[in-house]
Structure formats: C-alpha cells, structure tokens
Amino acid sequence: MSQITDRVAVITGGSLGIGEAISTQMLSLGWQVHILARRASSYVHADHNRCRTHNVDVRDLDAIKETADAIASTSGQVDALVLCAGLGYPTPLHTASRAQYNELFDTNVAGSVFSTQAFTPLLRDGDAVITFVSSIAGRRGFSHWSLYCASKHALEGFAASVRDELRPRRIRVTSIQPGSVDTPSYDHLQPEEKKEFMDPKSIAELVVAALQLPRQACVETLFINNAVGDL
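From a predicted model like this one, the values you see are computed outputs, not experimental measurements. (Residues numbered from 1 in each chain as written. Predicted model: local features only at pLDDT ≥ 70, side-chain atom pairs only at ≥ 80, totals over all residues. Heavy atoms only, no water.)

Peer 1: Go over the environment of Phe132, please, and point to the residues and values.
Peer 2: Locating Phe132 in the fold gives a position in strand S5 (residues 129–133). The buried category is assigned to Phe132, whose relative accessible area is 0%. Linking Phe132 and Ala160, residues 28 residues apart in sequence, is a C-alpha distance of 10 Å. Non-local contacts of Phe132, meaning those with residues more than four positions away in its chain, are made with Leu83, Ser112, Thr116, Leu155, Phe158, Ala159, Val173, Thr174, Ser175 and Ile176. (Helix = DSSP H or I, 4+ residues; strand = E, 2+ residues; numbered from the N terminus. Buried < 20%, exposed > 50% of the residue type's maximum accessible area, 1.4 Å probe, protein only. Contact = heavy atoms within 4.5 Å.)

What follows is the structure, given as structure tokens:
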C-alpha cells in the first residue's frame, strides 16, 4: 500500500533490471524518486507524479555533478542513494582489451565513486543510507570474467572505505552482493538457461528493507546467492 512521505531517493541505473525494481518499490512506498540513467525517461513508471528522470551517463562526471546540483535545488536533502548503474560481460584473459577495461571500470567503479562524491553533500546526516548494488563477483573470481570481477572487487573496497569515512555523520553504507539475477544483461540466454536465476524484485525487496531499518542498525554487506549455488 502506498504511503506519502517526504523522503527522497536518488537511484543510478534505476530504469532497468534491479534498479527498475528498486525504483518501483520505492515509488509504491511513497518516496520521491530521482532516476539517473542513460535512458531514464524510458522507465516504465516515468510518468508517476513522484518520479523524476534524468538522462545521464554515470561515466559523464560533469553531467553527474550538474544533476546533483539540479536535484539539490528542487528536492533539497537526499535520504537514500542507491548505486545500481553497472555493466558486465565476459573477458577471457587472452582477449581482454584496454577498451574493455576502461568501459567496465569507468561504469562500475568511476561511475559509483563520483556519483557518491557528488551526492554525499546532499545526504541527510544521522539517517541517510548509501546502497551499492555490487555482485557475487565482488566476493570471488570467475573464469573468463576477470575484468568484471576486478571492477566489483574495487567497488567493494570503495564501499568499505566510504562506510568508515561517513560514520561520523551517521550515514550508513550497504553493499548488496547478488548472484545471478534475470536482468536485461542476460536477455541473450534462453528461458531454460535462466530458470534458477533470481527475480530482480527479490533483490529490490531486500534493498528497500535494509535502507528502511531503524537508524541504529546498518546492514553493511548482504550476500544473496541462488538457491542452487553459484551459476
């Protein structure tokens, strides 16, 4: 059931996959939601009266800063920053290229680092939550996915450092580490190949539950694997 609230969320990558599911759940709870994505205006509920879309590539650091300034002028403080924008694909060691490295690290690491930097001044002291949607690949390595895994390990290190840095402001930092989830990244697979994948809504429910905990509690790391194990 919807409940009206004055709480404000900023969600990068919030128009597709896990980000879309999080955006939808937060709107249903009455949050004001700002979605930042390359195709944010294509979000299924973009016309919701509490939704604002910003067509921004997280790799464009100037655009991220400009968007943060615009949100500050219209919405003021932010209660939840959810960093979902990400990219992943296999890169076997013998074919991995510098271009692939740049694309993965610019999106998965730099995009999250500088989005966090831009929005941290807007976060409400004593109450706000930053959520990094990471991956099982931030916990362990997988053959042929070395660059993606390296980028997610870097993201985990950044999240842990920011958590300690922001403790004096009582801003909580959570890292979500899902296993295989049925998102557009896997659209090339047949349904039979994804039958054990998790639904993005399952991850979204956990994300939203964690960020709505009482301010005295912080879920620092949450690993959600597939019931059958690693996929």
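Peer 1: Tell me about the sheet that holds strand S7 (residues 221–224), and name the residues and values.
Peer 2: Taking strand neighbours across the sheet as the criterion, the 7 strands line up as S3-S2-S1-S4-S5-S6-S7 in an open arrangement whose pairing is parallel. What marks the edges here is a single partner per strand, and that holds for strand S3 (51–55) and S7. Between one strand axis and the next, the sheet turns by 15° as a mean value, whatever way the strands run. Direction of pairing for strand S1 (residues 8–12) relative to strand S2 (residues 32–37): parallel, over a ladder of 5 bridges. Across the sheet, residue Ala9 finds its bridge partner in S2, namely Val33. (Pairing = 2+ DSSP bridges. Axes fitted to C-alpha atoms, helices over the stretch in contact; angles between N-to-C directions.)

Peer 1: Can you lay out the nonpolar core for me, pointing to particular residues and giving the numbers?
Peer 2: Nonpolar side chains in soluble globular proteins tend to be buried together. The biggest cluster of nonpolar side chains holds 28 residues, and the ones touching the most others in it are Ile22, Met26, Ile203 and Leu211. Elements with a minimum of two residues in this core: S1, helix H1 (17–28), S2, strand S4 (80–83), S5 and helix H5 (200–211). Look past the residues within four positions of Leu211 in its chain and what remains in contact with it is Met26, Trp31, Ala80, Val82, Val129, Thr131 and Arg172. Listed in part, the 27 residues of the second largest apolar core include Leu123, Leu155, Phe158 and Val162. (Core = buried A, V, L, I, M, F, W, Y, C linked by side-chain atoms within 4.5 Å.)

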